[in-house]
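As a plain string of letters, each chain reads:
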Amino acid sequence: MDQLAKASADQFDRLLAAVVERREGDPASSYVAKLTAKGRAKIAQKLGEEAVETVIAAMGDDRAALVGEATDLIFHLAVLLADAGLTFDDLRTELLRREGVSGLAEKAGRKP
């Protein structure tokens, strides 16, 4: 793993650690705690909104907007992962499992 990839992995892990810590905070002073208190459906809804905003930014061909929206998307994904008791390591493991497998073959092999 090159230095940038390692630093990025560490940054995602730090993000998730901060989210996990803030989940127990005061909803009046912590966005993560406030969103967590509303439940997983609200967290998932917010993630969906951020995904749509990311797509809109991509279609607008605005690099800065895309970076900002993609960052918001990753943040809200971290909130959802924390709520589900998952980590970015769980995603890394799944990505490794899929490595070298055609996307069509991987999708065909999923359980219905």
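So, here's what we can say about the structure.

Calculation notes
Residues numbered from 1 in each chain as written. Predicted model: local features only at pLDDT ≥ 70, side-chain atom pairs only at ≥ 80, totals over all residues. Heavy atoms only, no water. Salt bridge = Lys/Arg side-chain N within 4 Å of Asp/Glu carboxyl O. Helix = DSSP H or I, 4+ residues; strand = E, 2+ residues; numbered from the N terminus. Buried < 20%, exposed > 50% of the residue type's maximum accessible area, 1.4 Å probe, protein only.

**A look at the pattern of salt bridges**
Then, number 1: For the structure on display, the rule yields eight salt bridges.
Then, number 2: Among the ionic pairs, K46 bridges to E49, the shortest N-O distance being 3.6 Å. Here E49 and K46 lie together in helix α3 (residues 40-59), a separation of three residues that amounts to about one turn.
Then, number 3: The exposure class of E49 is partly exposed, given its relative accessible area of 30%.
Then, number 4: Close ionic contact of K46 with E50 constitutes a salt bridge, the shortest N to O distance being 3.3 Å. Of this pair, K46 and E50 both sit in helix α3, four residues apart, which is roughly one turn of the helix.
Then, number 5: Among the charged side chains, a salt-bridge network with shared partners connects D13, D89 and R92.

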